[in-house]
Structures are given as structure tokens and as C-alpha cells.
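# Observations on the three-dimensional arrangement
Residues per chain are reported as follows:
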Amino acid sequence: QKMPPSLPATINIREPRWDQSTFQGRAKHFFMVTDPRNLLLSGATLEEARRVVEDYRAGTVHPGLTEDQLWRAKYIYDSAFHPDTGEKMILVGRMSAQVPMNMTITGCMLTFYRTTPAVLFWQWVNQSFNAIVNYTNRSGDAPITPSQLGTAYGSATTGAVVTALGLKSLTKHLPAIIGRYVPFAAVAAANCINIPLMRQRELKLGIPVTDENGNRLGESTAAAQKAIFQVVVSRIGMAAPAMAIPPVIMNMLEKRAFLKRYPFLNAPLQVSLVGLCLVFATPLCCALFPQKSSMPVSSLEPEVQDQIRKKDPWLETVYFNKGL
């Protein structure tokens, strides 16, 4: 049997397979990254993917390896290992866990929104999950201390609960459909608190900025601010369809005889609707901004600009991992 030709060692697997300057290319990339099936892969499969990717980057091509197999290994590797530190990420913090975890939590937040204990419990669960995700998908390789983690977690949870309970009391005398949107307002407010706090070290010390070839040029707080803003917008966008569309549908269904006869179907229906929205909203909102974001050197802090000018006087654009 004839062996397939050996794969060239020139494919750039440090970058995604599809053109990241277009929304369509980024969407294809994130549909792969957020694929929930990646959670079912065994440790051995993950380690094999890591070996294939690291060997290929070092110039060693495994015999018989095809281009499709290489890209499959790259996406398995990216789904489980941090792009900056290379460490294996916490299972529930991976982007492939976003759909099943958010589907369950958001569905329950939208179902059990009528009583104060339920609001408190599900906002706490949601912020605990968000804290893990934000820490797991932070940008850069700088460690975060337990006290910083605790502050971020406590502040975001408090912010979400205060927002949810405050809005819940304000909507008591308004139509029922308005009350259903309280969880979304709380989630949006908490994202604005949780993400910057969980990544406060980046705002203080900056994140690594590189040239087009990945050569590290320094750390910039201006890049960190842009990265965190983009992530906050993406996360709120990600939550919007899942928290805005199901309440309208459920409000209509609850008036029908079917759900009055089978009220136990309320929660499963809500969770399923949320899941359907998230399958598309998660990758599409991740794709709003390139993962490898960029900004002009002239927009960086003066001291970082000076540092870069010494290394490369003609460089106009720097790149950084915005996180997810």
C-alpha cells in the first residue's frame, strides 16, 4: 500500500485554520473551539493531540499525518490547554463547557426567578461558574493571588445579587414578562464587575504584546483595557439571546392549556430553549472580535512605545491575546 506524501512542516498552526480578519472565519474557528463534544475526550486523546502539535511546531512531522488530522489535533489542544501558559485548563472553565453549563444555569435562573432564595442561589451559582471561566480564560501568563480571586468573586456575586433583588422589587407591579428579564440585567451587570476584577492583575501590570511573528515586546495596560472591554461585550452578547428569547416563548406557552396540565415540563423546556440559543450565540459572540487582537503602537502607554521603538523603530501594530 502506497504511503501518503509526508506533510510539509510549514503549516502555521499557531494561528486558526480560517481567516481571522473576517467574521465568517472567526465564527468557523469558534464553532470548533466551543464544540461541547470536546469535553468527552479522554486524557490520553488530549495528551496525544498535545504531542502532535508540539512536535509539529518543533519541526517533527509524524509519519502518515494528514493536514486534517493536524488541524483536528490543534483544535483538541486549543480546547484544553491555555494559549499563553500551556497548562491544562479546568474542565468546567473550558470554552467547550460554555454551552452545557450556561444552558443549565441560565435555564434555571429563568425558571426559578419568582422567589428571593431562588434568585440568590442561582445568581451565586452563575457567578461561581463565571469566576472559574474568567480565571481559566485570562490573557497572559501572570499568576493571580488567592486574595485577588476572592475579591473578584465576592464583588461580582454581590453585584449580581444586589442588581437582581433590586430589579425584582422594582418589577413587582409591572407585567410578568418584565420580571423574566431581571436575570439578564443581573448577568450583564455582573459581567461588567466580574471580568475586570478577575483580570485586575492585567489592568495593573499589563498583558504581553507581540509583533506579527509572536515576538514579545513588553506588557501593556492599554492592551489589557481593550482586551477586557471586548470580552465584556462578547459575554453580554452571548447571554442576550439565551436570556431574551426563551422568556417570550415561555410567557406564551404558560398561557396555554398544555403547560398548565404538565407544569413539570416548564424547567426542561426552558433549559432546552436556552441551549438552542447558546449553541449559536456562544461561538458567534466569541467571534465578534479576533482572539489575536491588535492595536496601533501609538495607542500604547508612552513608556511601552519607547520600549518598542528601541527594538523596532518602524513597527506600527502590536498583537495580544484578548482572552475569552
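Owing to the predicted nature of the structure, the values given are computational and were not obtained by experimental measurement.

A word on the pairing of strand 1 (residues 207-210). It is a general feature of regular strands that their side chains alternate between the two faces of the sheet. For strand 1 and strand 2 (residues 216-220), the ladder comprises four bridges, and the chain directions are antiparallel. Paired with Thr210 across the two strands is Arg216, which belongs to strand 2. Taking the residues between adjacent antiparallel strands as the criterion, strand 1 and strand 2 are bridged by five residues, where Gly214 takes a positive phi near 90°.

What follows is about the UniProt feature "transmembrane region" (unreviewed entry) in the protein. The UniProt entry lists residues 227-249 and 269-289 under the feature "transmembrane region" (unreviewed entry), expressed in the numbering used here. Here residues 269-289 is 86% helix and 0% strand, with 32 Å between the C-alpha atoms at its ends.

Right, let's get into the nonpolar core. If you look at the biggest cluster of nonpolar residues, it comprises 27 residues, and the most contacted ones within it are Leu7, Ile11, Ile13, Phe30, Tyr56, Leu70 and Cys286. Going through the elements one at a time, helix 1 (23-33), helix 2 (43-57), helix 3 (67-80) and helix 12 (266-286) are the ones with two or more residues in this core. Top element by residues in this core is helix 3. It accounts for seven residues. In this view, Tyr56 contacts Leu7, Pro8, Ala9, Thr10, Ile11, Ile13, Val61 and Leu70; residues no more than four positions away in its chain are not counted. Counting 16 residues, the second largest nonpolar core, distinct from the first, contains Cys108, Trp122, Val133 and Met243.

Moving on, we come to the layout of surface pockets. Counted as a void, the largest pocket has a volume near 1200 Å³. As for the largest pocket, its lining consists of 40 residues, and the residues nearest its centre are Arg14, Pro83, Asp84, Lys292 and Asn321. At the level of secondary structure, the elements contributing two or more residues to the lining of the largest pocket comprise helix 1, helix 3, strand 1 and strand 4 (317-321). Looking at the lining of the largest pocket residue by residue, the class counts come to 13 nonpolar, 15 polar and twelve charged.

The next point concerns the packing of helix 4 (residues 98-111) against helix 10 (residues 221-253). For the pair helix 4 and helix 10, the least separation of the axes is 11 Å and the interaxial angle reads 40°. When the axis of helix 4 is compared with that of helix 10, the two are oblique. Read as a crossing pair, helix 4 and helix 10 show a hand that is right-handed. Here helix 4 contributes Gln98, Thr106, Met109 and Leu110 to the contact with helix 10, which in turn contributes Met238, Ala242, Met243, Pro246 and Pro247. Here the contact of helix 4 with helix 10 is built from residues that sort into seven nonpolar, two polar and no charged.

The next thing to look at is the side chain of Thr221. Inspection of the secondary structure puts Thr221 in helix 10. Apart from the residues lying within four places of it in its own chain, the contact partners of Thr221 are Glu202, Leu203, Lys204, Leu205, Gly206 and Glu301.

Another aspect to go through is the state of the cysteines. According to the stated counting rule, one finds zero disulfides in the structure shown. Just so you know, Cys286 is unpaired, no disulfide at all, and the nearest cysteine sulfur is the one on Cys285, 7.6 Å from it. What makes Cys286 buried here is its relative accessible area of 3%.

Summed over the entire model, instances satisfying the criterion amount to four cavities of 30 Å³ or more. The calculated volume of the largest cavity comes to roughly 170 Å³. Along the walls of the largest cavity sit 15 residues, with Asn102, Asn130, Val187, Arg235 and Ala239 positioned nearest its centre. Of all the secondary-structure elements, those providing two or more residues to the lining of the largest cavity are helix 4, helix 5 (116-136), helix 8 (182-198) and helix 10. For the lining of the largest cavity, the leading source of residues is helix 10, giving five residues. Tallied by class, the residues present in the lining of the largest cavity amount to eight nonpolar, six polar and one charged. Considering only enclosed or pocket space, the second largest cavity measures out at about 70 Å³ in volume. Taken together, the elements giving at least two residues each to the lining of the second largest cavity come down to helix 5, helix 6 (146-170) and helix 8.

Now for the packing of aromatic side chains. If you walk through the whole model with that rule in mind, you get five aromatic pairs. With 5.9 Å between their ring centres and 40° between their planes, Trp18 and Tyr75 make a pair best called tilted. Residue Trp18 is found in the segment before helix 1, and its partner Tyr75 is found in helix 3; the two are separated by 57 residues along the sequence. Between Tyr77 and Phe81, the ring centres sit 5.1 Å apart and the planes meet at 25°, which makes this aromatic pair stacked. Given a relative accessible area of 7%, Tyr77 falls into the buried group. In textbook terms, an aromatic cluster arises when at least three aromatic residues are bridged by ring pairs, as seen for Phe121, Trp122 and Trp124. Across from the ring centre of Tyr75, 5.7 Å away, lies the NZ or CZ of Lys74, which sits over that ring.

Definitions and cut-offs
- Residues numbered from 1 in each chain as written.
- Predicted model: local features only at pLDDT ≥ 70, side-chain atom pairs only at ≥ 80, totals over all residues.
- Heavy atoms only, no water.
- Pairing = 2+ DSSP bridges.
- Helix = DSSP H or I, 4+ residues; strand = E, 2+ residues; numbered from the N terminus.
- UniProt positions renumbered as here; feature names shortened; annotations may be inferred.
- Core = buried A, V, L, I, M, F, W, Y, C linked by side-chain atoms within 4.5 Å.
- Buried < 20%, exposed > 50% of the residue type's maximum accessible area, 1.4 Å probe, protein only.
- Contact = heavy atoms within 4.5 Å.
- 1 Å grid on protein atoms, 1.4 Å probe; cavity = no way out; pocket = protein on both sides within 12 Å on 5 of 7 lines; lining within 4 Å.
- Points joined across faces, edges and corners; volume = space filled by probe spheres on them.
- Nonpolar A, V, L, I, M, F, W, Y, C, P; charged D, E, K, R; others polar.
- Axes fitted to C-alpha atoms, helices over the stretch in contact; angles between N-to-C directions.
- Parallel < 35°, antiparallel > 145°, perpendicular 65-115°, else oblique.
- Left-handed = near helix turned anticlockwise from the far one by under 90°.
- Disulfide = S-S within 2.5 Å.
- Phe/Tyr/Trp six-rings, centres within 6.5 Å; stacked < 30°, edge-to-face > 60°.
- Lys NZ or Arg CZ within 6 Å of the ring centre and 35° of its normal.

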